[in-house]
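Inside the fold
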Amino acid sequence: MYHIQDLRTVSLRNLHETFLEAFSDYQVPIDLSARRLQHMLTRRGYIAGASLGAFDGEALVGFLLHGVRDWRGLATAYDTGTGVVPAHRKKGVTTELLSKAGTLLQDLHIQQWLLEVIQENRKAMRLYEREGFTVIREFDCFISSGAELPGRGDFPVMLNTGFTGEEWEEVHSFIDYEPSWQNARASIQAVPESFIYATVRSEAGILGYGVIDRSSGDIPQIAVRPDTRGRGIGTALLRAMVHTTDAKRVTCTNVDSRCASLKGFLHHHGFTIDVRQYEMMRKL
């Protein structure tokens, strides 16, 4: 018999051990250190009191981790990781976690519940649909070795460690789609020491920008102003960002599948689609 409670008393070490075991056979290999797990949770706005664990006696055997913040004007919980260790699967643990989480989030005055799921994971899809989630967007997740980048990219690129509020507003005006939760401005600013910002500028302002995690090689945002595209600005930004990271691969996760411009740019520069995801939402 399992008991469900929030994770306020669970240590990072305990959570990390259970996290690795639960994702040991996941479709996308996950091998996070405890430090990287903490980084991921901080970036995604993790709140232990809004997250749940399933316990077999004293042992944590399943979890539902939530980030909480304002998203599109509403108080939102984001499922930043749901997992059950292999020995305790097929016993209704995930269903019970989801059921109790819905009640908990409503008690916390959360208005909507957001998650992402790999499109090939039909079992998880059916479970989320039964719990009232619906698909709102489709995402493509790109990966590249970063070794070969075609094109010249001769524009001078400025590198720094942040944007002012006015600069964020300026670049948001020409990004092609609203970034996903983990790629949003709030997620980037939650771990400011992790990111390098690249910009190409003129007297008219910012012509293009990109943001990269210097450790993991993850690019949460990259865009060029529409009236200056096709000149090599994006290539210059990408080259500059790749040179700031020691990561063996570069990723661009959760690209809106409808965004032909960015998808074409990434394909041209040697990126390939690694996985595809659905973004799903449930109103509370």
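The model shown is predicted, which means the values in this text are computed figures rather than measured ones.

This next bit is on the sheet that holds strand β10 (residues 221–224). Read across the open sheet, the four strands follow the order β7-β8-β9-β10; overall the sheet is antiparallel. Looking at strand neighbours, the two that pair on one side only are β7 (158–160) and β10, the edges of this open sheet. Ignoring which end each strand starts from, the neighbouring axes of this sheet average 25 degrees apart. Contacts between helix α5 (residues 165–172) and the sheet are confined to β8 (195–202), β9 (205–213) and β10, with β9 contributing the most and set at about 100 degrees to the helix.

For the second largest pocket, the calculated volume is near 380 Å³. In terms of lining residues, the second largest pocket is bounded by 27 residues, among which V224, R229, S261, L262 and F265 are the most central. For the lining of the second largest pocket, the secondary structure elements donating two or more residues are β10, α7 (233–242), β11 (250–256) and α8 (260–268).

The next point concerns α5. Among the residues of α5, those classed as buried are E167, W168 and V171. On an axial view of α5, the arc spanned by its buried residues comes to 100 degrees, and they lie on one face. Exposed side chains of α5 directed beyond 90 degrees from the buried face belong to E166 and E169. Looking at the buried side of α5, the elements it contacts are α6 (185–190), β8, β9 and β10.

Ordered in space as β1-β2-β3-β4-β5-β12-β6-β11, the eight strands form an open sheet in which the pairing is mixed. Since the sheet does not close on itself, it has two edges, and those belong to β1 (3–6) and β11, each with one partner. Strand after strand, the sheet turns through a mean of 25 degrees between neighbouring axes, direction not considered. Across five bridges, the pairing between strand β6 (residues 134–144) and β11 is antiparallel. Bridge pairing links D140 to V255 in β11. Along the sheet, helix α1 (residues 12–22) contacts β3 (59–71) and β4 (74–84); its crossing angle with β3, the most-contacted strand, is approximately 100 degrees.

Procedures and definitions
The written sequence of each chain sets the order in which its residues are numbered from 1. Totals for whole chains, interfaces and linings use all residues, but because this is a predicted model, local features are given only for residues with pLDDT of at least 70 and pairs of side-chain atoms are given and counted only at 80 or more. Only hydrogens and water are set aside; all other atoms, that is, all heavy atoms of the structure, feed into the side-chain values. By definition, two strands form a pair when at least two bridges between them are found by DSSP. Secondary structure elements are defined from DSSP: runs of H or I of at least 4 residues count as helices, runs of E of at least 2 residues count as strands, and each element is numbered from the N terminus. Every angle, taken between N-to-C directions, lies between 0 and 180 degrees, and every axis is a line fitted to C-alpha atoms, over only the stretch in contact when it is a helix. Contact definition: two residues touch when any of their heavy atoms are within 4.5 Å. Definitions used throughout: a 1 Å grid over protein atoms alone; a cavity as a set of points that fits a 1.4 Å probe which cannot get out; a pocket as an open set with protein on both sides within 12 Å along at least five of seven lines; a lining residue as one with an atom within 4 Å of a point. Grid points are joined across faces, edges and corners, and a volume is the space filled by probe spheres set on the points. For every residue, the accessible area obtained with a 1.4 Å probe (protein chains only) is divided by the maximum for its type, and the residue is called buried under 20%, exposed over 50%, and partly exposed between those limits. The directions from the helix axis to the C-beta atoms are what the arc is built from.

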